[in-house]
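Structural description and commentary
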Amino acid sequence: MINRVLTTSLLLFSLFVFSQTHLQKENLMSTAIKVKAQKFKENTNFYKAQNFFLQNNWDSTLVYSMKEINESRNKEILDYCHYFRAISFKEKKLLDESKKELNQISSGFPFSYKVKMKLGEIALSKNNFKLALQYFHETEKLTNKQLYDIKFSTVLHNIGLCYLHLENYEKAEEYLFKSAKRQEIEKDTLLLIGSYMDIATLYYQQYKDNQAIPYFEKAYQLSQKAKSLELKQNATLNMAVVEENRKNFPLALNYRKEYEKWKDSLNDQNKVWAIADLEKKFAIKQKQKEVDILEAENKIKAAERNGFLASSILLLILFGTGIYFYRQKIKKNRIILKQKNELDELNATKDKLFSIVSHDLRSSVNALKTSNGKLIENLKSKNFTELDTLLHTNSTIANSTYNLLDNLLNWALLQTKQSYFFKESLHLASIVQHVEYNYKPLMLSKNIGFKNEVAKSEYVFADTDSLKIIIRNFLDNAIKFSKENGLISIYTRTSTEEYCYLVIEDTGVGMSENTISDLLKDTMLLSKKENDDIIGTGLGLQLCKSMIYKNGGSLEIESKENVGTKIIIALQKFKNHG
Amino acid sequence: MDNINVLIIEDTVSESDALVKVLTDNNYNIVGIASTYNEALALFYNNVVDIVVIDVFLDGKPDGITFAETINIVPNSVKPFVFLTNSKDRQIFERAKLTKPFSFLMKPFNELEILYAMEMAVEKFYQQLNVFHSEDQNTVVSNDSLFIKKKKALKKVCIEDILYIEVEDRYCNIITETEKFVILISLTKIIELLDPMQFVRTHRNFIVNSNKILEIVLSDNLIVLKGNHHVTLSEKYKDVIGKFTVLK
């Protein structure tokens, strides 16, 4: 029973010894880490990891070193990270994880002796004493200089502990004494207490009570001066156990009480820590809550912003399409309006044409009517000389009315594209003759001279009927605007290879330049009447123009007022004619 | 020289009367006036007809075109024809155009126009365009007749009746058994158009209807024709005798 109690205290104690190496900051290593941190400043994860490592914030160190390991390929950084993780795991008592991390550190690591040391300590903690001993012996072999920041005494002490556990008491004694001696020289009280206790335990286990007790007492004395509650507790407990075994119960009781006192204060301290921990946790929770709320708020804000953005984009698109369609509509409207105006104009023209034509017809028929009345009257009175002139006027009126109607019909046919149109070779002189034939009596009655000097060799390529309509209209016009005793001549000008030029010349009233340009204007509208007393609608000329163009020809007018007019029609020649 | 025989197909009496007057005034011979399709066919096949004047619409139907289509089917019996029409309806024209050769005249027309249209019909039908109004020719040659323009009208001469042709500059003297007259056509052209088996050249200026030869006097370089016409046979063209089967 007693032995067992001692062993537990011993184990407790040996653990305590390990941690001592950490309590003293490893100055050399921390400076080396700081240098590395400066060097790899851009690796933020590494920088953070080392920062947390130096602040003993093990969890954060684990997180950031993991991140760095995942990202970095730099061997040096990896080694450091693994080292950080190993130490962190060890501090969190995850010895297996720690061991794994240590094993991943490459041999080039400048602090490899530390790695060995840690491995040894882990092995020792796991009661794998032989392995631990191996690691520690390797460390021991290194010279003092190579172990800058590790207390050689600690190594020796650990070896001693290993032998103690392996019950190799002689060796254990040797190493523990070596360690104690060093610690005495270095005046490291805390370690010394541990060493004394371990030496005492060593003797005590061999039942060398006389040798053991002074060390227990020495440890106890020293522990009174030390601050560490744990040390005090262990030392007191050891004294209690020793006194109990010596059957010195009052003293043992005293020690027990003292032990309880230390234990309580240790517990108090633990409680304070626990409360602090709770508070911390609470604060963290509170913070977390705040963070959650903020996050939620952010989310809402983001959602709001996204919604706003989406709706504004939608609105913009709607607006754009609206504008597009609106403009399209305006454009269409404009076109429609333009077309409407054109149509209105055309319709007005048609109406005007209609009115003029009906007016002309009305007056012609009326003239015919009155003339017929006179005819009947004269017939009754048997005034035969008058009859002749009346009949001539009648036929003239009928003729012009017929021409008007014929033009009207042809115009309508042309507009509706119903008429048959067939171009062929035509003997121009004959065609002119045919048209002229109908006007001979009229010209005779008006005493107008006529000359047909169309070259007999001219053949044109045109549609017979339209050519006749063209010539008829111009001839009709020429007669209409000729004064009595005038002269009308139709002749051909020297033709080119492509065209034959037919000229219809009169010595009539002629036209001004403006009238000519008005007549030749490319419009469907009818020109205004200038001579109200002369029957005409302008329809004839429009018809002629359209037909000339349809036959592939062109029209020119040369005129001088009161001198005469020359109508020049260019017609396509018939090419096949040899 | 004979008058041209014209068949008129027209259902409106006043118009056919006017037509008859114009044509007879110009020495055309009217062989008949048909007012229906059947009548027209009967008249066409029972008479010698040189030109047909057809009104497109007979009793409101385009039977005139139907008639033209009918006579067009038998190639050898076809004669030149002229369509008369009131309307410029395109569909009717497209149909009429299929009866080639095709010439038409819009109503109302004057004397010159109908005469011109008939001349055109003859020219187109015998495929000798631009003859009657040119300054160097006034004759169209068909396979059995010469159509000659005399003043305003056409005349015809049966080719079979010609004894010989004597060339004088741009003119040709046509000598038949009963007449002698001048036509305007070049020698090369008339030789081209006449049947070379029947008409042979015996001299630079003479073309002889071989069917009318009575005697060839080689010693005098003389050919005696019917009606006691004498034609010179020049050395250059003596080979033509080889064409005839000569009794010895």
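Since we're looking at a predicted model, the values are computed, not measured.

Our focus in this paragraph is a nonpolar patch on the surface. Taken together, the side chains of L309, I313 and I317 of chain A present a nonpolar region at the surface, about 290 Å² in accessible area. Structurally, the position occupied by I317 of chain A is in helix α14 (residues 249-380).

Now for the packing of aromatic side chains. Residue and element names in this part refer to chain B. Counted under the stated rule, the structure contains 20 aromatic pairs over all chains. On the basis of an interplanar angle of 90° and a centroid distance of 5.8 Å, the ring pair of F44 and F67 is categorised as edge-to-face. Residue F44 is found in helix α2 (residues 37-46), and its partner F67 is found in helix α3 (residues 63-73); the two are separated by 23 residues along the sequence. A relative accessible area of 5% places F44 in the buried class. A relative accessible area of 1% places F67 in the buried class.

Going through the model one piece at a time under the given rule, you end up with 19 salt bridges over all chains. A salt bridge links R472 of chain A to D406 of chain A; the nearest nitrogen and oxygen atoms lie 2.7 Å apart. Of this pair, R472 of chain A sits in helix α17 (residues 464-481) while D406 of chain A sits in helix α15 (residues 384-416), placing them 66 residues apart in sequence. Comparing R472 of chain A with D406 of chain A, the two get one shared label, buried. As a salt-bridge pair, D50 of chain B and K156 of chain B come within 3.2 Å of each other at their nearest N and O atoms. One end of the pair, D50 of chain B, is in the loop between α2 and β3 (51-55); the other, K156 of chain B, is in strand β8 (residues 153-158), and 106 residues separate them in sequence. Within the structure, one salt-bridge network assembled from shared partners comprises E10, E15, D55 and K107 of chain B.

Before going further, it helps to spend a moment on the interface of chain A and chain B. Taken together, the contacts link 25 residues of chain A with 21 residues of chain B. Around 2,100 Å² of area is buried between chain A and chain B when both sides are counted, 54% of it from carbon and sulfur atoms. Considering only the surface of chain A that becomes buried against chain B, Y420, H434 and Y437 of chain A emerge as the three largest contributors, covering 33% of it. At the boundary of chain A and chain B, one finds two salt bridges. Two residues, K468 of chain A and E113 of chain B, come together in a salt bridge whose shortest N-O distance is 3.0 Å. The interface formed by chain A and chain B holds 11 residue pairs in polar contact (both at pLDDT 80 or more) in total. By residue number, the principal contributor to the side of chain A that touches chain B is helix α16 (residues 428-445) of chain A, which donates six residues. A per-class count over the side of chain A that touches chain B returns nine nonpolar, 10 polar and six charged.

For residues besides glycine, phi is generally negative; the peptide bonds are generally trans as well. In this structure, the amide linkage connecting K107 of chain B to the following residue, P108 of chain B, adopts the cis form with an omega of -5°. Looking at where P108 of chain B falls in the secondary structure, it is placed in the loop between β5 (104-106) and α5 (111-125). Within the chain, N485 of chain A stands out as a residue other than glycine whose phi angle is a positive 65°. Looking at the secondary structure, you find N485 of chain A in the loop between α17 and β4 (487-493). Residue N485 of chain A is classed as exposed on the basis of its relative accessible area, which comes to 59%.

A few words on the sheet that holds strand β9 (residues 162-168) of chain B. All names here are of chain B. One open sheet accounts for five strands, arranged β11-β10-β9-β13-β12; its pairing is antiparallel. With one partner strand each, in any of the chains shown, β11 (180-184) and β12 (199-203) form the two edges of the open sheet. For this sheet, the mean inter-axis angle between neighbouring strands, taken without regard to orientation, is 25°.

On to the environment of E170 of chain A, then. Examined against the element boundaries, E170 of chain A turns out to sit in helix α10 (residues 169-186). Measuring from C-alpha to C-alpha, the distance between E170 of chain A and L202 of chain A comes to 9.5 Å, with 32 residues separating the pair along the chain.

Our focus in this paragraph is the pairing of β8 of chain B. Residue and element names in this part refer to chain B. Among the six residues in β8, five count as buried, and that is most of the element. Sheet analysis places strand β1 (residues 2-9) next to β8, joined by two bridges and oriented antiparallel. Looking at the pairing, D2 lines up with K156 of β8.

The subject of this paragraph is the nonpolar core. What tends to happen in soluble globular proteins is that the nonpolar side chains get buried as a cluster. With 50 residues, the main nonpolar core has I9, Y28, V52, F67, F83 and M118 of chain B as its most contacted residues. Of the residues forming this core, the biggest block, seven residues, is contributed by α5 of chain B. Residues within four places of M118 of chain B in sequence aside, it is in contact with V6, L23, Y28, I51, V53 and V82 of chain B. Membership of the second largest hydrophobic core comes to 46 residues, among which are I431, A462, L502 and M547 of chain A.

The predicted coordinates should not be examined in detail at positions where pLDDT is low. Looking at chain B as a whole, the pLDDT averages 89, with 98% of positions reaching at least 70. Within chain B, strand β2 (residues 28-34) of chain B carries the highest mean pLDDT (95), whereas helix α4 (residues 90-97) of chain B carries the lowest (85).

To continue, consider the side chain of S430 of chain A. In this fold, S430 of chain A is placed in helix α16. Residue S430 of chain A is classed as buried on the basis of its relative accessible area of 3%. When near neighbours in sequence (up to four residues on either side) are disregarded, S430 of chain A contacts Y116 and H133 of chain B.

Splitting chain B by domain gives domain 1 (2-125) and domain 2 (160-243). Its C-alpha centre places domain 1 of chain B at a distance of 36 Å from the equivalent point of domain 2 of chain B.

With that settled, consider the packing of helix α7 (residues 112-125) of chain A against helix α9 (residues 152-165) of chain A. Packed helices, taken two at a time, are described by their axes: the angle between them and the distance between them. Residues and elements named next belong to chain A. Where α7 meets α9, the axes come as close as 11 Å, and the angle between the chain directions of the two elements is 30°. By the angle class used here, α7 and α9 are roughly parallel. Viewed along their axes, α7 and α9 form a crossing whose handedness is left-handed. Within the contact between the two elements, α7 uses M117, E121 and L124 and α9 uses T154, V155, N158, L161, C162 and H165. In terms of residue class, the contact of α7 with α9 is built from five nonpolar, three polar and one charged.

Here we take up a negative patch on the surface. Together, D2, E160, D161 and E179 of chain B make up a negatively charged patch on the protein surface. Mapped onto the elements, D161 of chain B comes out in the loop between β8 and β9.

One pass over the structure, following the stated rule, counts four cavities of 30 Å³ or more. By volume, the largest cavity amounts to about 170 Å³. Tallied by class, residues from the lining of the largest cavity come to seven nonpolar, three polar and five charged. Put simply, the second largest cavity is a space of about 60 Å³. In this structure, the second largest cavity is lined by N410, L413, L414, S419, Y420, F421, D463, S466, M547 and K550 of chain A together with K88 of chain B. If you list the elements that add at least two residues to the lining of the second largest cavity, you get α15 and α19 (539-550) of chain A. The residue makeup of the lining of the second largest cavity, split by class, is five nonpolar, three polar and three charged.

Criteria and cut-off values
Residues numbered from 1 in each chain as written. Chains lettered and ligands numbered in written order. Predicted model: local features only at pLDDT ≥ 70, side-chain atom pairs only at ≥ 80, totals over all residues. Heavy atoms only, no water. Patch = residues over 30% accessible without salt bridge, like charges linked within 9 Å, V, L, I, M, F, W, Y side chains within 5 Å. Areas by Shrake-Rupley, 256 points an atom, 1.4 Å probe, with all protein chains shown as cover. Salt bridge = Lys/Arg side-chain N within 4 Å of Asp/Glu carboxyl O. Helix = DSSP H or I, 4+ residues; strand = E, 2+ residues; numbered from the N terminus. Phe/Tyr/Trp six-rings, centres within 6.5 Å; stacked < 30°, edge-to-face > 60°. Buried < 20%, exposed > 50% of the residue type's maximum accessible area, 1.4 Å probe, protein only. Contact = heavy atoms within 4.5 Å. Buried area = accessible area lost by both parts, 1.4 Å probe. Polar contact = N/O pair within 3.5 Å; in protein donor to acceptor, adjacent residues only side chain to side chain. Nonpolar A, V, L, I, M, F, W, Y, C, P; charged D, E, K, R; others polar. Pairing = 2+ DSSP bridges. Axes fitted to C-alpha atoms, helices over the stretch in contact; angles between N-to-C directions. Core = buried A, V, L, I, M, F, W, Y, C linked by side-chain atoms within 4.5 Å. pLDDT = per-residue confidence, 0-100. Domains from an automatic or database assignment. Parallel < 35°, antiparallel > 145°, perpendicular 65-115°, else oblique. Left-handed = near helix turned anticlockwise from the far one by under 90°. Lys, Arg positive; Asp, Glu negative; His and termini not counted. Charge placed at Lys NZ, Arg CZ, Asp CG, Glu CD. 1 Å grid on protein atoms, 1.4 Å probe; cavity = no way out; pocket = protein on both sides within 12 Å on 5 of 7 lines; lining within 4 Å. Points joined across faces, edges and corners; volume = space filled by probe spheres on them.

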